[in-house]
Amino acid sequence: MKRKLIAAIGIAGMMVSIAACGGDKDSGDSKGSDAKELTVWLTVDAQNNWPALVKAADAAVLKKHPGVKINHEYYGWPDKNAKLDAVLATDKAPDVVEMGNTEMLGYMVKGAFAPLDAAQFDNSSAWLDGLKASVTYNGKTYGVPYYAGGRVANWRKDLFASVGVKSAPKTYAELTAALDKVQKKEGDKFSAWYQPTRDWYAAMSFVYDAGGSIAVESGGKWKANLSSPESVKGLNEFKDVVDKYMHGDKTKDESDRYIVYGQGKSGMIFAPAWEGATAAAKENDKTGKLAGNVENFVMPGPSGKNLPVFLGGSDLAVPVKSDAQALAAEWINAFTGPSGQKGLMAKGNLPNNKTDLATLKNDPATAVPATAAESNWFVPMAPGWGQVEKAQVLQNMLQSIGTGKKSVEDAAKEADAAIDKVINNS
């Protein structure tokens, strides 16, 4: 579910031309209301996993607009943006396009998407905070959250039971006490909590839990905030986890975490909700012990509240060059409205809004990811954020901290300086 940010590097010239072309286009309230054709770009997730929801959205639009031709094209995540960038440089832009929510910012900054009236979309007043942030730039809405996925803790029940811990911890003190027992029993070749040092999604959860942030906005300008007392407190708490419980390679990121977990080298992970089950799958479980023994639970934070989680997922946007903006907005609402959200939840996704999320908390099968997602955060929606990610400022800071190369305070100040150089540059 995590989508890497595709910064607007190398397409800047193309995007400038888009912005220029879009300068006198309206917000989509009426543009294309009489369009006879609609082109919808989605990823293969929709094609493979919920094609009935696509058909239902089509049917809703066709009922209101008989005779409209609706075209669908499906793309894999690795090649979608290259194709989108190419077509946005022409006059043949699609009318609806699916974006990973961390991909939205670069396109919004460069004026590639048409502004939308959020009030036209069902449940917009209840959109999850992190998802709403992903479609908002300079106070305007440029997309509609589609679905989401969050992070949870996952542990080996059998391993923790072996040290007398029979139920998932509800507080951070309970969690660390249980981890201490496992770490002592298994020894220093084992990671009671396998927490990759460069995993900035996890580290920033500790920062936000402590009341800190990556950056703050004031007067329309962004300033890095990692060296604030609150952020440093969160970074120290993350470092404490890495120092005490992470005994793997402290220069790695999280890309193969589920593989390491499946090898039986760890007692717990904090990861997207699917990783625990994936580690326990037959092809990944090298211990033969994980099936039926891994369990998700809501990660408690040092603050005493649930640890805030990054919400990854997809948004739907309308390219500014679309000639069917009004019709595109209608299709998006039909697809992401109440019936669409119900269908997406049935497929294991988190909904885009707090109202539907609350219903998942009542079902034991979905209560953990739903509860975890209630407290969430998103990246700074600053024009230069793509450059921050491209330079891997956060990952490099965390590696310096985790390996002991720099103190938390020095690493945070250095990261702030690097962020401040680019974060306001479009």
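Given the structure is predicted, the values throughout are model-derived calculations rather than measurements. (Residues numbered from 1 in each chain as written. Predicted model: local features only at pLDDT ≥ 70, side-chain atom pairs only at ≥ 80, totals over all residues. Heavy atoms only, no water.)

The next point concerns empty space enclosed by the protein. Across all of its chains, the model carries one cavity of 30 Å³ or more by this definition. The computed volume of the largest cavity comes to approximately 30 Å³. Contributing to the lining of the largest cavity are W200, W385, V388, E389, V393, L394 and Q395. Those elements giving two or more residues to the lining of the largest cavity turn out to be helix 17 (385-390) and helix 18 (393-402). (1 Å grid on protein atoms, 1.4 Å probe; cavity = no way out; pocket = protein on both sides within 12 Å on 5 of 7 lines; lining within 4 Å. Points joined across faces, edges and corners; volume = space filled by probe spheres on them. Helix = DSSP H or I, 4+ residues; strand = E, 2+ residues; numbered from the N terminus.)

Here the chain averages 92 in pLDDT, while 92% of its residues score no lower than 70. Low confidence marks residues 1-28, where pLDDT is under 50. Its contacts with residues over four positions away, or in another chain, come to 66 contacts. (pLDDT = per-residue confidence, 0-100. Contact = heavy atoms within 4.5 Å.)

Before going further, it helps to examine the packing of helix 8 (residues 172-186) against helix 10 (residues 229-245). Their axes nearest at 11 Å, the elements helix 8 and helix 10 cross at an angle of 20 degrees. The pairing of helix 8 with helix 10 is recorded here as roughly parallel in orientation. As for the relative orientation of helix 8 and helix 10, their crossing is left-handed in sense. On helix 10, the residues that touch Y172, T176, L179, D180 and Q183 of helix 8 are E237, V241, K244 and Y245. Of the residues contributing to the contact of helix 8 with helix 10, the split by class is four nonpolar, two polar and three charged. (Axes fitted to C-alpha atoms, helices over the stretch in contact; angles between N-to-C directions. Parallel < 35°, antiparallel > 145°, perpendicular 65-115°, else oblique. Left-handed = near helix turned anticlockwise from the far one by under 90°. Nonpolar A, V, L, I, M, F, W, Y, C, P; charged D, E, K, R; others polar.)

The subject of this paragraph is helix 14 (residues 338-346). Those residues of helix 14 lying buried are G340, Q341, G343, L344 and M345. The inward-facing, buried residues of helix 14 contact helix 3 (51-64), strand 6 (144-149), helix 13 (325-336) and helix 15 (354-360). Where helix 14 terminates, the next one or two residues include G348, which has phi positive at roughly 95 degrees. (Buried < 20%, exposed > 50% of the residue type's maximum accessible area, 1.4 Å probe, protein only.)

A word on the sheet that holds strand 1 (residues 37-43). Either a parallel or an antiparallel arrangement is found when strands of a sheet pair, and the pairing is made through backbone hydrogen bonds. Spatial strand order, 2-1-3-13-6: five strands in an open sheet with mixed pairing. Whereas interior strands pair on both sides, the edge strands pair on one side only; in this sheet they are strand 2 (69-75) and strand 6. With strand direction ignored, the average angle separating the axes of adjacent strands in the sheet is 20 degrees. Inspection of the sheet shows strand 6 paired to strand 13 (residues 312-317) by five bridges, in the antiparallel sense. Residue pairing in the sheet places A148 in a bridge with G313 of strand 13. Lying over the sheet, helix 4 (residues 77-88) contacts strand 1, strand 2, strand 3 (96-100) and strand 13, oriented at roughly 135 degrees with respect to strand 3. (Pairing = 2+ DSSP bridges.)

Turning to the nonpolar core, a few remarks are in order. If you look at the biggest cluster of nonpolar residues, it comprises 127 residues, and the most contacted ones within it are F113, W193, W200, M204, W331, F335 and M397. Among the elements that take part in this core, helix 9 (residues 200-209) stands out by supplying seven residues, more than any other. Setting aside chain neighbours within four positions, we find W331 in contact with L38, V40, L42, V54, A57, D58, V61, I70, H72, V96 and L316. (Core = buried A, V, L, I, M, F, W, Y, C linked by side-chain atoms within 4.5 Å.)

Most of strand 3 is tucked away: five of the five residues are buried. Judged from the four bridges that link them, strand 3 and strand 13 form a sheet pairing that is antiparallel. Within strand 13, the residue paired with M99 across the bridge is D315.

Next up on the list: the pattern of salt bridges. Tallied over the full model, the rule gives 14 salt bridges. K233 serves as the salt-bridge partner of E237, at 2.9 Å between the closest nitrogen and oxygen. Here E237 and its partner K233 are both found in helix 10, four residues apart, which amounts to about one turn of the helix. The class for E237 is buried, based on a relative accessible area of 17%. The exposure class of K233 is partly exposed, given its relative accessible area of 47%. The closest approach of N and O atoms between K244 and D240, which form a salt bridge, is 3.5 Å. On the criterion of helical spacing, the pair formed by K244 and D240 is a turn pair, its members being four residues apart in helix 10. A relative accessible area of 41% means that K244 is categorised as partly exposed. Via salt bridges that share partners, D199, R257 and E275 belong to a single interconnected network. (Salt bridge = Lys/Arg side-chain N within 4 Å of Asp/Glu carboxyl O.)

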